[in-house]
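# Breakdown of the fold
One-letter residues, chain by chain:
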Amino acid sequence: MTQTSDIVVIGAGIAGLSAGARLSEDARVTVLEVEDAVGYHASGRSAALFEENYGLPSTIALNKASAAYHREANGGYLSPRGLLIVARAEEQDSFDADVNTMGVDPVTVSEALSMVPILDRAQVSFAGYHEAAYDIDTDRMMQDFRRQITAKGGQVLVKSAVTAITRAGSGWTVSTASGDHACARIVNAAGAWADGIATMAGVTPLGIVPHRRSMARLPAPDGHDVSRWPMFFGVGETWYAKPDAGALLVSPAEEEPVEPHDAWADDMVLAEGLARYEAMVTAPVARLITSWAGLRSFSPDRALVLGPDPQTPEFIWCAAQGGYGFQTAPAASQLVADLAMGRSPALPAEVVAALTPDRLRR
């Protein structure tokens, strides 16, 4: 049996759900997800931080355009966290670079220890803090976008792996094991699989490459209450740690190019990252509660790819979030919807040009 929608969105992570919600204001939307739940891959393994000054200039523009939504929509999705960078004496040049790019303010080592008491005073020579960094309620945001889709008569179908995509007259047929879906347009929000979906549709891939990032969940060090600690980083983002539900998440912050797959942590890389973290604190890592990995997908220029393909305008990209998916989602999804529906975007023209796939087709 063939179901008919105006738009089929492939992928039900934050990219697909947010784009589907925005598009559902103007069209009947079906979102297809291969897994048995939404947000299973990158979206379910996010560090979930909102920091406006984090990323390329085009990403920062999306962050800033998303800020009001994060703070106000549906009661707001943000809660205070803060961000702290720490460095050794020999890392001053790298520390100064991070201060300039991330907008942190230098603080004393004593002030840093008051925020994160396990920092090793013998190792930390420089510290910088930024208060305006926030946790994002990622699950509630995804569920709210999902409800927006269904409230407008759309649907989100899990366990719906796409097996084929064919042109059907002026539209498309997207085939799954449970049936076919006819539509006028496709939104490619398939994350690490975005280029594969393009190839399946006969659209030239853009060179989007997934990169593994590993994560460990540790018990609260030395029995501390970590709930009010900021997220804290080594300079150059060589590791980071973030409080999470009474425990501490620690990542080596690696970006290892890999093939699309259901990612898992690399034990050696994780051990090396934990060693870098341990070198800056007084509480050794005694055990791991669990570990995992996610895939951050980047385009060749590392900017997001948003909007209709210039060669195949009925095929719309919402991909290459590169770890910025949640914090950019409100503005990124609005841009996708505006471009798909022929509206003038609210973002400046130079920002739009840095995000649309046209730049990668030249």
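Scroll up a little and you will see the structure.
Below, the structure is looked at part by part. (Residues numbered from 1 in each chain as written. Predicted model: local features only at pLDDT ≥ 70, side-chain atom pairs only at ≥ 80, totals over all residues. Heavy atoms only, no water.)

## Quick look at the overall build of the protein
Along the protein, the regular secondary structure elements total nine helices and 22 strands. At 21 Å, the protein has a C-alpha radius of gyration in line with the 21 Å of a compact globule built from 362 residues. By its C-alpha atoms, the protein is 70 × 40 × 40 Å across when sized along the principal axes. Residue pairs at least 24 apart in sequence account for 73% of intrachain contacts in the protein once pairs closer than 6 positions are excluded. Accessible surface, the protein as shown: approximately 14700 Å² in total, 50% of it carbon and sulfur. Computed over 28 positive and 43 negative side-chain charges, the separation of the two mean positions in the protein equals 5 Å. (Helix = DSSP H or I, 4+ residues; strand = E, 2+ residues; numbered from the N terminus. Rg over C-alpha atoms; globule rule 2.2 N^0.38 Å. Contact = heavy atoms within 4.5 Å. Areas by Shrake-Rupley, 256 points an atom, 1.4 Å probe, with all protein chains shown as cover. Lys, Arg positive; Asp, Glu negative; His and termini not counted. Charge placed at Lys NZ, Arg CZ, Asp CG, Glu CD.)

## Considering the packing of helix α1 (residues 14-23) against helix α5 (residues 138-151)
Two elements in contact, α1 and α5, have axes separated by 8 Å at closest approach and are oriented at 35°. Of the two elements, α1 crosses α5, and the hand of that crossing is left-handed. On α5, the residues that touch Ile 14, Leu 17, Ser 18, Gly 20 and Ala 21 of α1 are Met 141, Met 142, Phe 145, Arg 146, Gln 148 and Ile 149. For the contact of α1 with α5, the per-class residue count stands at seven nonpolar, three polar and one charged. (Axes fitted to C-alpha atoms, helices over the stretch in contact; angles between N-to-C directions. Left-handed = near helix turned anticlockwise from the far one by under 90°. Nonpolar A, V, L, I, M, F, W, Y, C, P; charged D, E, K, R; others polar.)

## Re the environment of Ala 247
Within the element layout of this structure, Ala 247 appears in strand β18 (residues 247-251). On the accessibility criterion, Ala 247 (4% relative accessible area) is buried. On a C-alpha basis, the gap between Ala 247 and Ala 220 in space is 4.7 Å, while along the polypeptide they are 27 residues apart. Non-local contacts of Ala 247, meaning those with residues more than four positions away in its chain, are made with Arg 217, Leu 218, Ala 220, Val 226, Lys 242 and Ile 289. (Buried < 20%, exposed > 50% of the residue type's maximum accessible area, 1.4 Å probe, protein only.)

## As for the sheet that holds strand β9 (residues 134-136)
Whenever strands of a sheet pair, they do so through backbone hydrogen bonds, lying parallel or antiparallel. Spatially, β4-β9-β5 is the arrangement adopted by the three strands of the open sheet, whose pairing is antiparallel. The open sheet is flanked by β4 (49-50) and β5 (78-80), the only strands paired with a single partner. With two bridges connecting them, β4 and β9 associate as antiparallel partners. Within β9, the residue paired with Leu 49 across the bridge is Asp 135. (Pairing = 2+ DSSP bridges.)

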